[in-house]
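# A look at the structure
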Amino acid sequence: MTVVKSLLLTLGAVIAALLVWGFVEPYFVNLKEEEAIIPNLPKAWENEEIAVIGDFQIGMWLDNDSIVEQMAEKLVELNPSAVLFLGDYIYHSVDNHEKEHQRVKELIKPLTDSDIPVFAVLGNHDYDMASQTADPNEELAEKMKSALQEVGITVLNNESAALTHTDNGVEVGNALSESLYIVGLGAEWPELADSSAAFAGVPDSAARLVMMHNPETFGTLPAKSAPVSVAGHTHGGQMRIPGTPGWSYTALINDKEDDYMYGWIDDYGATGNHLYINPGVGFSILPLRINCPPEITLFKLRSNIGR
């Protein structure tokens, strides 16, 4: 009985320690550096960097919204060629959406005050959708879009933007043969993702980096259209057991057969397409993160020449 009691006490202590750490980890930023191989990448873009963050979830109880400001400051320090936001800027159950929209703008101000181009897509929470069966709030999404645009962020809804390096930095909107295209898909749950529209302005041979909120959108993209794609939505599983990459809190409560949670996803999507899932910043339901800290993903762009 003494052995059993000792085991139970040890197990209880471990669980308690994990829970305590779960409240602490959300306040530490993980900088993850990755290589992005993009076919036909113009020489001017070789070894340039693109940074990705998402899923702020501003307005959730016990939120860690101050970490968004810390990330914005870190992004300015990193000075990438562009920054991509992956949606879900507010939490669906907030009482005052206008207040939270303003809070988002305040937290990202260090970044939007810089000269770094920022691109964004919207997520399901920006449409006030806590589930796939909820009715989308188009008016709320439009207000979120406007709030981002007010601080100079380009919101892409089944659209693309051409980025070109010039003597004065990165120029947005002037499509040239040396351009890199940022392609943004519409939100998946309100059934707004339209790959035909998103890629309509992108030449077939052009280098591109594709962004979306929900990884499910990636599975619908045509072959070889998205050599490097980024998505959010999953929070990386939010609570993960070390050494068991297939298990997470989010996967446990998800009733879908396939759960794509974090990092580069193998054996998913059409031929020639590759997806990286960023674990985001905020929370879903529980204000805890274990073995899954908020992440800035910094992609170094490389061509496929000589590789």
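Note that this is a predicted model, so its numbers are computed, not measured.

### Describing the sheet that holds strand S2 (residues 49–53)
Read from one edge to the other, the open sheet built from six strands follows the order S1-S13-S2-S3-S4-S5, with strand pairing classed as mixed. The strands lining the two open edges of the sheet, one partner per strand, are strand S1 (30–37) and strand S5 (154–155). Together, S1, S2, strand S3 (82–85) and strand S13 (295–302) form the strand contacts of helix H2 (residues 66–78), whose direction differs from that of S13 by roughly 25°.

### With respect to the packing of aromatic side chains
This model, assessed by the stated rule, comprises eight aromatic pairs. Summarising the aromatic geometry, the rings of phenylalanine 56 and phenylalanine 85 are spaced 5.3 Å apart at their centres and angled 75° between planes, so their arrangement reads as edge-to-face. Taken together, the positions of phenylalanine 56 in the loop between S2 and H2 and phenylalanine 85 in strand S3 put the pair 29 residues apart, joining distant regions of the chain. On the basis of an interplanar angle of 55° and a centroid distance of 5.4 Å, the ring pair of phenylalanine 218 and tyrosine 268 is categorised as tilted. Of the two residues, phenylalanine 218 sits in helix H7 (residues 215–218) while tyrosine 268 sits in the loop between strand S11 (263–265) and strand S12 (275–277), which places them 50 residues apart along the sequence. Each member of the pair, phenylalanine 218 as well as tyrosine 268, carries the same accessibility label: buried. Cluster of aromatic residues (ring-pair linked, three or more members): Tyr262, Trp264, Tyr276 and Phe299.

### Quick notes on the sheet that holds strand S9 (residues 207–211)
One open sheet accounts for seven strands, arranged S7-S6-S8-S9-S10-S12-S11; its pairing is mixed. Each edge of the open sheet is held by one strand with a lone partner, namely strand S7 (169–172) and S11. Going across the sheet, the axis of each strand differs from the next one's by a mean of 25°, ignoring polarity. Pairing of S11 with S12, which is carried by three bridges, proceeds in the antiparallel orientation. Considered in S12, the bridge of tryptophan 264 is made with tyrosine 276.

### Here's the deal with the environment of alanine 147
Within the fold, alanine 147 resides in helix H5 (residues 138–150). For alanine 147, a relative accessible area of 5% gives the class buried. Along the backbone, alanine 147 and valine 104 are 43 residues apart, and their C-alpha atoms lie at a distance of 8.5 Å. Each residue touching alanine 147, except ones within four places of it in the same chain, is listed here: His101 and Lys105.

What counts as what
- Residues numbered from 1 in each chain as written.
- Predicted model: local features only at pLDDT ≥ 70, side-chain atom pairs only at ≥ 80, totals over all residues.
- Heavy atoms only, no water.
- Pairing = 2+ DSSP bridges.
- Helix = DSSP H or I, 4+ residues; strand = E, 2+ residues; numbered from the N terminus.
- Contact = heavy atoms within 4.5 Å.
- Axes fitted to C-alpha atoms, helices over the stretch in contact; angles between N-to-C directions.
- Phe/Tyr/Trp six-rings, centres within 6.5 Å; stacked < 30°, edge-to-face > 60°.
- Buried < 20%, exposed > 50% of the residue type's maximum accessible area, 1.4 Å probe, protein only.

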